[in-house]
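Inside the fold
Here's the letter readout for the chains.
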Amino acid sequence: MSARIQKLEMRGIVKRFPGVLSNDHVNIEVSAGEVLALLGENGAGKTTLMNILYGLYQADAGEILINGEPVQIDSPRMAIDCGIGMVHQHFMLVPTLTVSENVALGLPSEKGALLDLEPVSRRIVEIGATYGVSVNPDAYVWQLSVGEQQRVEIIKALYRGADLLVMDEPTAVLTPQEAQDLIVLLRTMVAQGRSVIIISHKLHEVMAVSDRVVVLRDGKKAGEVATGDTNPEELARMMVGRDARPFSREARQFDGDCVLCVEELCVNNNMGTPALRGISLGVHPGEILGIAGVSGNGQKEFAEAISGLRTVESGKVLLSGQEITHCTPKQIIDKGLGFIPEDRLHVGTIPSFQIWENLLLKDHAEKPFARGVLLSEKTIRAHSEKLVADYGIKTPDLETQTGKLSGGNIQRLILAREITRQPKVLVAAYPTRGLDIGAAEYVHEMLVQASREGMGVILISEELDEVQKLSDRIAVFFDGRIMQVLPVAQADEKTLGLLMAGLTPDNQATAG
Amino acid sequence: MKGRTFFVLLAALVGALAIGALFILLAKSDPIRAYKVMLTGPFSSSFGFTETLVRTTPLLLTGLGIIISFRCGVLNIGGEGQILIGAIASAGVALAMPNLPGVVLFPLVLLAGALAGGLWGAIAGVLKARLNVNEILSTVMLNQIAAQLYLLLIRGILIDPQEVTYGTGVPQTALVTDVVWMTRLIPGSRLSTGFILAIVLAIAVYYLLMHTTIGYRLRAVGAGPQAARYAGINVPFYMALSMFLAGALAGLAGTVEVLGVHHRALEDISAGYGFSAIVAALFGRLHPIGIIPASMLFGALILGADMMQRAVSIPAAIVMVIQGFVILFVVASDVFIRRPELFGQWKSKWSRRSGEVS
Amino acid sequence: MTEGLEQGILIGMIATGIRLATPYLLAALGEMLSQRSGVFNLGLEGIMLMGAFSGFYITYVSQSPLLGLLAAIVTGGLMGMLMAFVSVTLQAEQGISGIGLSMLGWGLSGLFFRLYVDGIQSIAGLKAWKIPGLGDIPIIGPMFFSHHFIVYFAFLLVPLLWFVLFRTTWGLSVRAVGMTPQAVDTMGVSVSGLRYQCLILGGMLAGLAGATLTVANTHMFADNITAGRGFIAIALVYFGRWSPWGILAGSLLFSMADSFQLWVQVLGINFPYEMAVMLPYIVTIIALMISFGRVWPPAALGKPYERGVRG
Amino acid sequence: GGDSKPAPAKTEALKAQSNKIKIALVLPSTVDDMAWAQSMYEAVKKIQTDSKGEIELAVSERMGKPVDAGAAIRQYATQGFDIIIAHGAQYQSVVKEIAPEFPKITFAYGTGFQTGPNIFAYDPQAQEGAYVMGILAAKMSKSKIVGIVGPVEAGDAIKYNKGFMQGVAAAGGDVKTRIAYTGSFNEIVKAGEIAKTHMDAGADFLTGSSQQAVGAIKAVAGKPGTYWLSTDMDQSKVSPDAVLASQVYNWEKVLGKILELRKKGTLGGQHLTLSFADGMLELKYNPKLEAKIPADVKAAVEKAKKDIAAGTLKIELK
Ligand SMILES: Nc1ncnc2c1ncn2[C@@H]1O[C@H](COP(=O)(O)OP(=O)(O)OP(=O)(O)O)[C@@H](O)[C@H]1O
Ligand SMILES: Nc1ncnc2c1ncn2[C@@H]1O[C@H](COP(=O)(O)OP(=O)(O)OP(=O)(O)O)[C@@H](O)[C@H]1O
Ligand SMILES: [Mg+2]
Ligand SMILES: [Mg+2]
C-alpha cells in the first residue's frame, strides 16, 4: 500500500464489550527504530488494543494514524497491506498443516494458483538460521511442542517482513534462551528501521528489549515511561498499583518414603514414538520437586501418565505405596492425586460451564455435594462461594461462564479446586504461564502453602527462576530422560541451562 | 429485550410468508385466505388444537432425546430409526401378551418401546465411544436399516392375521389390546395421555440434566470432553449412555404413536419426526423446557400448512416451500436477537465502503 | 452356470455399482468442500432435488441435456449461495438451516414440476458414451468405459479435487479455514469469502448430482426423486474423512454393495429381500468400524466464525 | 379445486340449501404420480366434470403418513363432506376409527376388505390382470426370462406379483420369473436400476406395481426389444414404445357405484371388488404396439381373461 511506517499513532481508542470497557481512550504511538512495550495485568486491555490495530476488532471511537495520515483498518488484510504484522497471544496455527503450509497460508505463490512450498521451506530454514528460531518446515503443527509453535508464529510474522511488528506475549512459552534470542532479534529489526510493539508480563524482558513502556490498567493508560528512566519495581507498581511482595523460600532436605514414586517409566507420545524413555523419580510429602526442561522433552507426557490420561508402556507408578500404573483417572484421583494441567482452559476447566460447576468437576458426586444422584445445590453453592472468596477469584457471580474469566482467574479456580481436595500429590504443569505478576505470585504462594500442608508438589515449568525459587530439588528433563536430579542449592542458572540442552556439566568440562 | 425478540421473530415470519405468498400466487391461489387458515387453523378449533398436540407429542419426546445426546456431544440424526424400533417393539410386546391385565401390560409395553429404542440408539453410541465410528454416518445408516427391519416385521411375523386371511397383505400389525391404549384426553380427538407423558418427561429430563450427577457428567462430556476425562469421568460410557437415553425417548415416541394414535404399528408411522425434532430441539436451544414451546410451534406449523393445502387446494409441495422458508427465516433472524450489535457493524462497514467509492 | 454368464454378472454388477456411485460421489465431494470450509450443509438433499428438477426441466424445454446439466449446476450454485448467506453471513445454526433448505428444495422442485411440467414427461436425456478404444476392451470396457460422461467426470473429479485441495494456494486456504478460521483471517484471507466459494462449488456439484438422476439415469423427474440420497452422501463424507479418495472409496463400497444386493435379488437367491436392501448400510458401518488411524474432522465444522472468539 | 369450508357448525345449514355432493380425496402420493394416485384422481375429476357442477371436490396429496392422513380425514369429516375417499390400503386403520363418529358420511378406502356401516372397501383384483399379463409375457419372451420390479412385498404388490407369476407358469414353456424389491414404494431411481439389472440379467419382459414403476418403465424404454406391462393405469403415455399392455382400474365405475348406492341410502358396508367379471378391471393394449403381439398369444390372453371373468379360472393367492 503505502510508504514505510515511520510513525504509528492510536488516538483516543475506545472499545466496549458487553459489560466491560476494555479500552478507555487509550493513546499510544511508536516510531521507526523503536520498541514499545505494553504492560498491564491480565484483562487490562492490551490484546484488545492490538487487535484493533490489526483490524480484528473495530474501535468504538478513536483513530489510527500512519505517518500522520488517518487510516481505516477494518480487516487483517488491510493491516497487512499497511505493513503491520502480528504475533497473536493465542496461536493462530492450523494443526493439520505443516509448518511451511501454515507460513504459506494467504501468501501469493510464485507459481500462480499452484502451491509452491519449496521456496517457503527454504526461507523458513534461512530465517531460522538468521534469527535463531529454527523449526522443521515439514513437521505438522500438531506434532510440535508449544514452544516450537510459538516459533512458528514468530516465523510467520518475520516471513512477511512487516514494518511494524506486534508481539502479544511471544515469550510466554519460550525457554529463557529462546527468549534471549528473540530479544536480540527484535533489536536487530529495529536497528533496520522497523518498529515493534511487545506485550509481556516478564519485566526483565521488558527492561531488556524496550525503549519505552506504556502501562494499561482497567482499559486506561496508567502511565508511560522511557525504559531507561525506570526499573522493574516501578513498573510493577504502575501495573498492580502496589509493591510486589518479595518472595523467598528456604529449600529443605527430605528423607524417608516418597509419596509418589515413578520407576523406569516409558510412555509414547501422540505419534506413537517414545516420549519417556525410562524415568525414575520420587517426591516426598511436603516437598516441592521442580521439573525443568525445554517443553517437548516429555514433561507433558509425564504429567499425563501419572494422572492416568496416557497409557504406560512399561514401568511403574506408585502413589503412597499403591501401584496406580494402569488405574483409570478416576481411581487415581480418588487415591489422592491433584493435577493442574497445562491447558488450563480446555483441560483444566470446561469453558462453557459455570464457575460453581467447574469448582466441582471432580467432587460433584461426592458425599456432601450429592445425595444419591441428586446434586445438593445449597451445599455446593455455599462451598463454591467460600472457594471464590478464599482464593480471590474475580467474577461477577457463580453463574458466570468460566471461559469468560481471565487466565489468572481460571488458574485460581483450578487451584481452589485441586488444593481444597487435599490430595497427597499435586502436579502443576506450567501453572503461571501467561499470568501477570500478581496472579503468578498468588499461584506461587498457593503451591508453597500446599507443600506446607504436607502435599508432595511436582512443579513443571520452563521458568528457571520460578523453579529455583520454589523447589527443594530440581529434575531436568531432556529427550524423555532425566539428565540429573539436584538439590536447588547446586542448581545455578548455568548448570540448569547446560542440562536442559542435554549436556552434563562434566561432559562440558571435558569437552572444554 | 423481550420485545425486541418478539419483533424480530414476527418480522422473520412475515418475511417468510411474504415470499411464500408469491408461490401461492404462482399456483393461482389466494394467499390471504391460505394464510388465514394456516395461522389460525391449528388454534381456532378443538380439532386444530388437539391435532397440533398430536404432532407435538412425538416431536417433544424425540427432541428431548436429541437434546440429551447433543448436550453430550453426540449428533444424533437417528431419531427416525429409533422411533420405528420403539414402535415395533411396543406393538410386538402388546400383541404377544394380549391377555395380561392392563396394569401389568401397559408399563411392560412402555418399557419395551423405550428399551428397544434405547438399545438401537446405543448401537451408534457404543460404535462412537468404542470404535470411533462417526455418529452421523452410523445414525443415517441405522435409520435405513431400521426402516427395512420395521417393514420386515410388519409384513412378516407381526402382520395382522386378517390381512393374510383376506389376502390383502397390508403391512400392519393387528390392533393391540385396548387395555394398553392411551386414554384420549378429549373425545373425538386423537390427543392422548401420551402428551402428558411427554410433558412430564420434559420436566424429568430437565431435572436429570441440570440437577443430577448423571446429567452433570453428560453435559461435561459434551462441553469439554478433555476436561471431563481429566476429571475422571468415563467419557465413552456417558457417550453411549446419552445415545441410549436418546433412543429410549425416541422409542417412547414410537410407543405413543402406537398406543395413543394408531393402536397398531403400521407403515410410515413416523411422519419424519426424527428430523423435525432436530429442528425443534435446536429452536428450543437444546433446553428440555425450551423445546416444549418449540415443538408445539413446529407441530402447529406442520398441521397449519396441511390445513392450508386442504382449504385452498394448492399443490402439497407449497406446504414444504412455506415450511422451508419459515425455518430459514426464523433461524437466520436469530442473529438479530443474539447479536444486535452486528447490525450496526454491517451498516457502518457498508457506509464506509460506499463512502470510499464515491 | 456357464462361464459367459458369470462374466456377464460380474460386468453387470460392477457397471451398475459405478453408475450408482456417481450421484453419491458428486454430492459427497460437494459436501466435502462445504465441510472442509467449516460449514455443515445438511441441505444437500434439497440442493440435489433442485438440480434434479432444473436439469430435467431445461432438458425438457430445450431438448439439450447439456443445457440441462448446466442449468442444474447453476441452480445448485444458487442454492449453495443461499445456504452461505444464511449460515455464513447471518451466522444461523447450520443444522436447522440445512433442514430448512432441504424442505425448500423438496417443495420448490415439486411445485415447479406441478406448475410447469404436464405430468410425467420424457426427455431425451443423456446417452452412454463408450470411450473409443477403452470401451472396446473386453470385460474392462463394458465395466468402466461405457457410461454416460458424468460418470467419467465424477471419477476424474476425485484426483482433480485432491489436486486443488493439496496443491493449490486456494486449496491450502480451504484446508485451513475449516480447522482454524482465525488463522486464515489473521493471514489476511477472507473466511466468509472462502466459505461462500466452497458452498457455491459444493452446491454446483450437488446440483449436478441431482441432475444425474434425472437427465442421465431415469430421463424423468418425479416428486422427491432423490429419496434420501443427500443424507447418504453426507454420511459418506464422514466415511471418507473429508478426503476425495476416502469419499471415492465410500461411494464405491456403498454402491457396489447395493449393486451386489440388486443382483442377488434378481438372480433369485432366496431370503428376505429386506436383508438385501439393508446390506449396503450395514457394510458401510462395518467398514468404518474396522478402519483406524487418526481422524481430523474440520475443527470449526458447524461453528459460525466470529472474530475474537476463541475456539 | 375444492373450496375452503366455513366453520363446521354452519356447514349443515349450507348443505341443506345445495344438493351438491362434496367429495374429499386423500392420496398417499401426488396427483401426477402416473400410477395409483393419479388413476383415482383422474377418475374423480372426470366424474366431477361430468356432473356439471353437482360435485365438489377437495384433494389432499402426499398423505403417505397415516398421522397426516388421519388429520385430513378427520378434518374433512368435521367439515361435512359427504364422501371421503381414502385411497390407500394403509388408511384402513384410520378410516375404521373415524367412521363410527360420523355415521352420515360415506367413507371409502382401498385396497381393503374390512367394511363398516358407512365404509366401503374397494379391492382391485390385481392378480387377475397380472395373471393374463403373465401369460402375455411368458408367451412373448424370447429370452425366457421375465422380471418383476417389486416395491415392497405387501398389499397390492403381493396380489399382483403372485398373479403374474402364476400366469407365467400357466403359459408353460419353462419361462423364469425373477423378482427384486426396492424396499420402498417411491424409489423411482432404484426401480430403474432394478429394471436395468433385470435386463442385464436377460429379462426382456418386465412388470411391477406402485408409483415408482415409472422409473422402471423409463429404463425399459432405453432398451429396444424389451417391454413393460403396467398396472393401475394405462402407462403407455410414459413410454409409448415400451409399454405393451396395461391393467387399468376403472375407478369411475367404482365411484359411480358408490354414488348410486349412497343415493339409495346405502352409506357403506360393501366390499367392492374390481374384477374382469364386473368390468371394473380392464386390459388395455398399447395401440402403437398391439400389432406386435402374435395372434395366438393374444388369443391365449383373451381366453384367460374370459375364463377369469366367467369364474371358471380362479387365481389362488395362498
Ligand atoms: N471478544 C471479547 N468479547 C468480550 N469481552 C472481551 C473480548 N475480548 C476481550 N474482552 C474483555 O476485554 C478486557 C480486556 O481484555 P484483553 O484481552 O485486552 O486483556 P489483556 O490485557 O490482553 O490481558 P492478558 O494479559 O490476560 O492477555 C477483558 O475484561 C475481557 O473480558
Ligand atoms: N472472545 C472472548 N470472549 C470473552 N472474553 C474474552 C474473549 N477473549 C478474551 N477474553 C477475555 O479477555 C481477558 C484476557 O484474555 P486473554 O485471552 O488475554 O487471557 P489471559 O488472561 O491471557 O489468559 P491465557 O492464559 O489463556 O492467555 C480474559 O478475561 C478473557 O476471559
Ligand atoms: Mg492479552
Ligand atoms: Mg495472557
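What follows concerns the coordination of the magnesium ion (ligand 3). All names here are of chain A. Listed as protein donors to the magnesium ion (ligand 3) are T47 (OG1) and Q89 (OE1); their distances from the metal cover 1.8 to 2.1 Å. The magnesium ion (ligand 4) is placed at 4.4 Å from the magnesium ion (ligand 3), the two being bridged by Q89. Separated by 42 residues along the polypeptide, T47 in helix α1 (residues 46–53) and Q89 in the loop between β6 (84–87) and α3 (99–104) bring together distant segments of the chain. Given the relative accessible area of 23%, T47 is considered partly exposed. Judged by relative accessible area, Q89 falls into the partly exposed class, the value being 26%.

Summed over the entire model, instances satisfying the criterion amount to seven cavities of 30 Å³ or more. Approximately 80 Å³ is the volume attributed to the second largest cavity. Lining the second largest cavity are B:P315, B:A316, B:A317, C:G110, C:F113, C:R114, C:D223, D:T30, D:D32, D:E61 and D:R62. Going through the elements one at a time, α14 (316–338) of chain B together with α4 (94–116) of chain C are the ones with two or more residues in the lining of the second largest cavity. Among the elements that line the lining of the second largest cavity, the one with the most residues is α4(C), at three residues. Partitioning the lining of the second largest cavity into residue classes produces four nonpolar, two polar and five charged.

Most contacts, among the five pairs of chains that meet, fall between chains B and C. Without any contact between them, chain A and chain D keep their closest C-alpha atoms 39 Å apart.

Further remarks concern unusual backbone geometry. Looking along the chain, the bond that leaves D:G110 and enters D:T111 is cis, with omega of 0 degrees. A positive phi is found at A:Y430, a non-glycine position, where the angle reads about 45 degrees. Mapped onto the elements, A:Y430 comes out in the loop between β19 (425–429) and α15 (437–452). Non-glycine residue C:Q91 carries a positive phi angle of around 55 degrees. Summarising the element assignment, C:Q91 is placed in the loop between α3 (65–89) and α4. For C:Q91, a relative accessible area of 9% gives the class buried.

Here we come to the packing of helix α14 (residues 407–420) of chain A against α15(A). Angle between the axes and distance between the axes: these two values describe a pair of packed helices. Residue and element names in this part refer to chain A. Relative orientation of the contacting elements α14 and α15 amounts to 10 degrees, with a least axis distance of 10 Å. Judged on the interaxial angle alone, α15 and α14 are roughly parallel. Here G408, Q411, R412, L415 and I419 of α14 lie close against α15, whose contacting residues are A439, Y442, V443, M446, L447 and A450. Grouping the constituent residues of the contact of α14 with α15 by class yields eight nonpolar, two polar and one charged.

Attention now goes to the sheet that holds strand β1 (residues 21–26) of chain D. Residues and elements named next belong to chain D. Reading across from one edge, β2-β1-β3-β4-β5-β11 is the order of the six strands in this open sheet, with parallel pairing throughout. Each edge of the sheet is formed by a strand with only one pairing partner; in this case those strands are β2 (55–60) and β11 (271–274). Ignoring strand direction, the axes of neighbouring strands in this sheet form an average angle of 20 degrees. The pairing of β1 with strand β3 (residues 83–86) spans four bridges and is parallel. Each bridged residue has a counterpart across the sheet, and for L25 the counterpart in β3 is I85. Packing of helix α2 (residues 36–50) onto the sheet brings it into contact with β1, β2, β3, β4 (106–110) and β5 (119–124), and relative to β2 it is tilted by some 160 degrees.

Let us look at the domain arrangement of chain A. All names here are of chain A. Per the domain assignment, the segments of chain A are domain 1 (7–240) and domain 2 (260–351 + 410–500). With centres defined by C-alpha atoms, the gap from domain 1 to domain 2 works out at 31 Å. On the side of domain 2, 15 residues touch domain 1, which itself brings 19 residues to the contact. Of the roughly 1300 Å² buried at the junction of domain 1 and domain 2 (both faces included), carbon and sulfur atoms supply 61%. Looking at the side of domain 1 facing domain 2, the largest losses of area belong to N42, T175 and P176, adding up to 27% of the total buried there. Our count for the domain 1 to domain 2 interface comes out at one salt bridge. Across the pair E463 and K202 runs a salt bridge, and its minimum N-O distance is 2.9 Å. The interface formed by domain 1 and domain 2 includes three residue pairs in polar contact (both at pLDDT 80 or more).

The next point concerns the interface of chain C and chain B. Each partner contributes residues to the interface: chain C has 47 residues there, and chain B has 44 residues. In total, chain C and chain B occlude about 4100 Å² of area from one another, counting both sides; carbon and sulfur atoms represent 82% of this. Along the contact surface separating chain C from chain B lie one salt bridge. Ionic pairing is found between B:R155 and C:E274, a salt bridge with its closest N-O pair at 2.6 Å. Connecting chain C to chain B are one residue pair in polar contact (both at pLDDT 80 or more). Among the elements of the structure, α3, α4, α10 (229–239) and α12 (273–290) of chain C are those that each provide at least two residues to the side of chain C that touches chain B. For the side of chain C that touches chain B, the element with the highest residue contribution is α4(C), accounting for 17 residues. Considered class by class, the residues forming the side of chain C that touches chain B number 35 nonpolar, eight polar and four charged.

Bringing the side chain of D:N161 into the picture now. Residue and element names in this part refer to chain D. Mapped onto the elements, N161 comes out in helix α6 (residues 155–171). We classify N161 as buried; its relative accessible area is 2%. With residues near it in sequence (within four places) discarded, N161 still touches I148, G150, I179 and Y181.

Rules used in this analysis
- Residues numbered from 1 in each chain as written.
- Chains lettered and ligands numbered in written order.
- Predicted model: local features only at pLDDT ≥ 70, side-chain atom pairs only at ≥ 80, totals over all residues.
- Heavy atoms only, no water.
- Donors = N, O, S within 2.8 Å, 3.2 Å for Na, K, Ca; no water.
- Helix = DSSP H or I, 4+ residues; strand = E, 2+ residues; numbered from the N terminus.
- Buried < 20%, exposed > 50% of the residue type's maximum accessible area, 1.4 Å probe, protein only.
- 1 Å grid on protein atoms, 1.4 Å probe; cavity = no way out; pocket = protein on both sides within 12 Å on 5 of 7 lines; lining within 4 Å.
- Points joined across faces, edges and corners; volume = space filled by probe spheres on them.
- Nonpolar A, V, L, I, M, F, W, Y, C, P; charged D, E, K, R; others polar.
- Contact = heavy atoms within 4.5 Å.
- Axes fitted to C-alpha atoms, helices over the stretch in contact; angles between N-to-C directions.
- Parallel < 35°, antiparallel > 145°, perpendicular 65-115°, else oblique.
- Pairing = 2+ DSSP bridges.
- Domains from an automatic or database assignment.
- Buried area = accessible area lost by both parts, 1.4 Å probe.
- Salt bridge = Lys/Arg side-chain N within 4 Å of Asp/Glu carboxyl O.
- Polar contact = N/O pair within 3.5 Å; in protein donor to acceptor, adjacent residues only side chain to side chain.

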